[in-house]
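Residue-level structural notes
Residues per chain, in single letters:
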Amino acid sequence: MASLGELLCAHTEELVERWYRRWLEEGPARPDLTEAVLKDHLAVQLRALGEAMASGELSVESAGALWKEPGRLAPEDRVRDDVPIEELVREYAFVVEEIRSWLAERGETVPFDEYSLFSVAIFELTAESARRYATYQAERVSRERSLYLAGLAHQLRTPISVLQLYVQRAERGLDLNEPATLSRLRRTVRRMVRLVDAVLRLERFRPEELPVQPEELSPAQVVDQLVADYEHDAHRKGLRLDVSGNRSLRMEADPDLLADALGNLIENAIKYTEHGFVRVWLEEEERQLVFAVEDSGPGMSPERRDSLFQPVQPGKPGGVGLGLTIARRAALAQGGKLVVESEEGRGTTFRLCLPWKVEARAPVAEVKEA
């Protein structure tokens, strides 16, 4: 009579396939996960467990150490695949249940102490997977938070530097009460307030929960105001900043969210363009109004473009920055979208597409009270 360890080694692939069918029948939490992702390291784990049991090297005390060997666990991959930790735990529960059923169907009788040892080893496998999953997830969140804060600090640096310059001029007794000076100070303060407000909205709400308070406005005037705020930055780099569009257009949109989105697109275009132009214009379509921001910058590779709106993955290229995160969420919140067209060496065009009449949405607290 074969031992449980020997059975696990001899029938690894059959057991993994049986487990996979069970997983499909139960209805996965993430139906879009591929077979390869789901099976993960299960074959490696069952074979390692079977070999350790068959050799007599496994004990209740050493079961935990079995899963610390390199290559036997990869819960970090599950984090990257966005598999919920609850799903991870459920998968290993299925392993125990399916092997018990498989043994019964085959009429295999294994000693109680062997099955108990097997159960302890799977429990240790689940515990180690959950521990490493949680650790990796926490480390990833910490790294992403650091990148996020660095991006925020970078965007605040320019307006703060401008304010610092004028404070120094005031300390030297220079007159700041000039129209041009006051105008730039007002623009700088507006940019800081707009950024801080946008970050607060980013922190407090998911896109589908963002309060939306549309009002009738002139999109051309919104563009003019934002371009005026960033005109100095463009001229300082020698860039031509062009604006065009039908000035008689009217729409209903949230002015703050519109400024969040469009302001960040203009700022990014200026930031990444060293020579040439940044162009902002309006495109009229039947169901939507499109705010286009085009630049003559370096452009993007297809890989970079395709990964642009994916969440930041530490250690990997791509991932959306803070400014584009704000812009995309502001677009989604208003029932619109943000799309990009770009080629290496031929510049980039972002299109902010919004309905002519944006639907209002009350803050989450008000919705719950209602």
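Everything numeric here is computed off the predicted structure, so don't read it as measured data. (Residues numbered from 1 in each chain as written. Predicted model: local features only at pLDDT ≥ 70, side-chain atom pairs only at ≥ 80, totals over all residues. Heavy atoms only, no water.)

1. What about empty space enclosed by the protein?
How we decide: Throughout, the protein atoms alone are placed on a 1 Å grid, and a set of points is a cavity if a 1.4 Å probe fits but cannot get out or a pocket if it is open with protein on both sides within 12 Å along at least five of seven lines; lining residues have an atom within 4 Å of a point. Grid points are joined across faces, edges and corners, and a volume is the space filled by probe spheres set on the points. Helical segments are the DSSP runs of H or I of at least four residues, strand segments are the runs of E of at least two, and each set is numbered from the N terminus. Residues are grouped as follows: Ala, Val, Leu, Ile, Met, Phe, Trp, Tyr, Cys and Pro are nonpolar; Asp, Glu, Lys and Arg are charged; every other residue, Gly included, is polar.
Counted under the stated rule, the structure contains five cavities of 30 Å³ or more. A volume near 120 Å³ is recorded for the largest cavity. In terms of lining, the largest cavity is formed by 13 residues, of which the most central are Arg191, Leu195, Tyr230, Asn264 and Glu267. Put simply, the parts of the chain that give the lining of the largest cavity at least two residues each are α8 (112-171), α9 (179-204) and α11 (255-272). Of the residues forming the lining of the largest cavity, the biggest block, five residues, is contributed by α11. Counted by class, the lining of the largest cavity contains six nonpolar, three polar and four charged residues.

2. A closer look at the sheet that holds strand β7 (residues 348-355)
Strand pairing in a sheet takes place through backbone hydrogen bonds and is either antiparallel or parallel in direction. Cut-off, in case you're wondering: Paired strands, as defined in this entry, are two strands with at least two bridges between them according to DSSP. Helix axes are fitted only over the stretch in contact, all axes being lines through C-alpha atoms; the angle between N-to-C directions runs from 0 to 180 degrees. In this description, contact between two residues means that some pair of their heavy atoms is separated by no more than 4.5 Å.
Read from one edge of the open sheet, five strands run β2-β4-β5-β7-β6, paired in mixed fashion. Taken across any chain shown, the strands that pair with only one partner, and hence form the sheet edges, are β2 (240-244) and β6 (337-342). Strand-to-strand twist across the sheet, computed as the mean angle between neighbouring axes with direction ignored, equals 15 degrees. Of the pairings in the sheet, the one linking β2 to strand β4 (residues 277-284) comprises five bridges and is parallel in character. The partner of Ser244 across the bridge, within β4, is Trp281. Together, β2, β4 and β5 (288-295) form the strand contacts of helix α10 (residues 219-236), whose direction differs from that of β2 by roughly 175 degrees. Packing against the sheet, α11 makes contact with β4, β5, β6 and β7, and its axis sits at approximately 20 degrees to β5.

3. Description of the packing of helix α2 (residues 12-26) against helix α4 (residues 42-54)
Put simply, the test is: When describing relative orientation, an angle under 35 degrees is termed roughly parallel and one over 145 degrees roughly antiparallel, while 65 to 115 degrees is termed roughly perpendicular and anything else oblique. Should the near helix be turned anticlockwise from the far one by less than a right angle, the crossing is termed left-handed; should it be turned clockwise, right-handed.
Packing of α2 against α4 brings their axes to within 9 Å, and their N-to-C directions diverge by 135 degrees. Taken together, α2 and α4 sit at an angle that is classed as oblique. As for the relative orientation of α2 and α4, their crossing is right-handed in sense. Contacts between α2 and α4 involve Thr12, Glu13, Leu15, Val16 and Trp19 from the former and Leu42, Ala43, Leu46 and Arg47 from the latter. Taken together, the residues of the contact of α2 with α4 sort by class into six nonpolar, one polar and two charged.

4. What to know about the pairing of β6
Selection criterion: Each residue is assigned to one of three classes by its accessible area relative to the maximum for its type, calculated with a 1.4 Å probe on protein chains only: buried under 20%, partly exposed between the two thresholds, exposed over 50%.
By the alternation rule, side chains of β6 split into Leu338, Val340 and Ser342, which are all buried, and Lys337, Val339 and Glu341, of which none is buried. The sheet contact formed by β6 and β7 spans six bridges and is antiparallel. Paired with Leu338 across the bridge in β7 is Leu352. Where β6 folds back on β7, the antiparallel hairpin that results is connected by five residues, among which Gly345 adopts a positive phi of roughly 80 degrees.

5. Digging into the environment of Arg351
Heads up, the rule is: Polar contacts, as counted here, are pairs of nitrogen or oxygen atoms within 3.5 Å of one another; within protein the pair requires one atom able to donate a hydrogen and one able to accept it, and residues that are adjacent in sequence qualify only if both atoms are side-chain atoms.
Tracing the backbone shows Arg351 in strand β7. Each C-alpha atom of the pair Arg351 and Val339 lies 5.3 Å from the other, and the pair is 12 residues apart in sequence. Excluding anything up to four places from it in sequence, Arg351 contacts Trp281, Glu283, Val290, Phe291, Ala292, Lys337, Leu338, Val339 and Glu341. Here Glu341 takes part through its side chain, which lies 2.9 Å from a polar atom of the side chain of Arg351.

6. Section: the packing of aromatic side chains
Formally: Stacked, edge-to-face and tilted are the three classes for Phe, Tyr and Trp ring pairs, Trp counted by its six-membered ring, which pair at centre distances within 6.5 Å; planes under 30 degrees apart are stacked, over 60 edge-to-face, the rest tilted. Over a ring means this: the NZ of a Lys or the CZ of an Arg is within 6 Å of the ring centre and within 35 degrees of the ring normal.
Within this structure, the stated rule accounts for one aromatic pair. Each ring, one from Tyr115 and one from Phe118, has its centre 5.7 Å from the other, and the planes form 45 degrees; the classification is tilted. One end of the pair is Tyr115 and the other is Phe118, both in helix α8 and three residues apart, which spans about a single turn. Comparing Tyr115 with Phe118, the two get one shared label, buried. Over the ring of Phe94 we find Arg22; its NZ or CZ atom is 4.3 Å from the centre of that ring. For the cation-ring pair, Arg279 lies above Phe277, with the distance from its terminal atom to the ring centre recorded as 4.1 Å.

7. A few points about the pairing of β5
In terms of burial, β5 is a largely internal element, eight of the eight residues being buried. Residues Gln288, Val290, Ala292 and Glu294 of β5 are buried on one face, and the alternating residues Leu289, Phe291, Val293 and Asp295, pointing to the opposite face, are buried as well. Note: β4 against β5, seven bridges, orientation antiparallel. Note that in β5 the partner of Glu283 across the bridge is Val290. Counting the residues in the hairpin turn of β4 and β5 gives three residues.

8. Points about the confidence of the model for the chain
Rules: Along the chain, pLDDT gives the predictor's confidence residue by residue, from 0 to 100.
For the chain, per-residue confidence averages 84 on the pLDDT scale, and 90% of positions sit at 70 or higher. Low pLDDT (under 50) marks residues 311-320, which in the prediction has 22 contacts with non-local residues, meaning those over four places away or in another chain. In this model, residues 366-370 is a region of pLDDT below 50 whose contacts with residues beyond four sequence positions or in other chains number one contact.

9. With respect to the nonpolar core
Rule in force here: By nonpolar core is meant a set of buried Ala, Val, Leu, Ile, Met, Phe, Trp, Tyr and Cys residues that side-chain atoms within 4.5 Å join together.
One finds Leu265, Ile266, Phe291, Val293, Phe350 and Leu352 to be the most contacted residues of the largest nonpolar core, which totals 44 residues. Only α10, β3 (251-253), α11, β4, β5, α13 (322-333), β6 and β7 provide two or more residues apiece to this core. If we ignore the near neighbours within four places in the chain, the residues touching Phe291 are Pro219, Val223, Met251, Leu258, Leu262, Trp281, Leu282, Phe350, Arg351, Leu352 and Leu354. In terms of nonpolar packing, the next biggest core, distinct from the first, is built from 40 residues, Tyr20, Leu46, Leu73 and Tyr133 among them.

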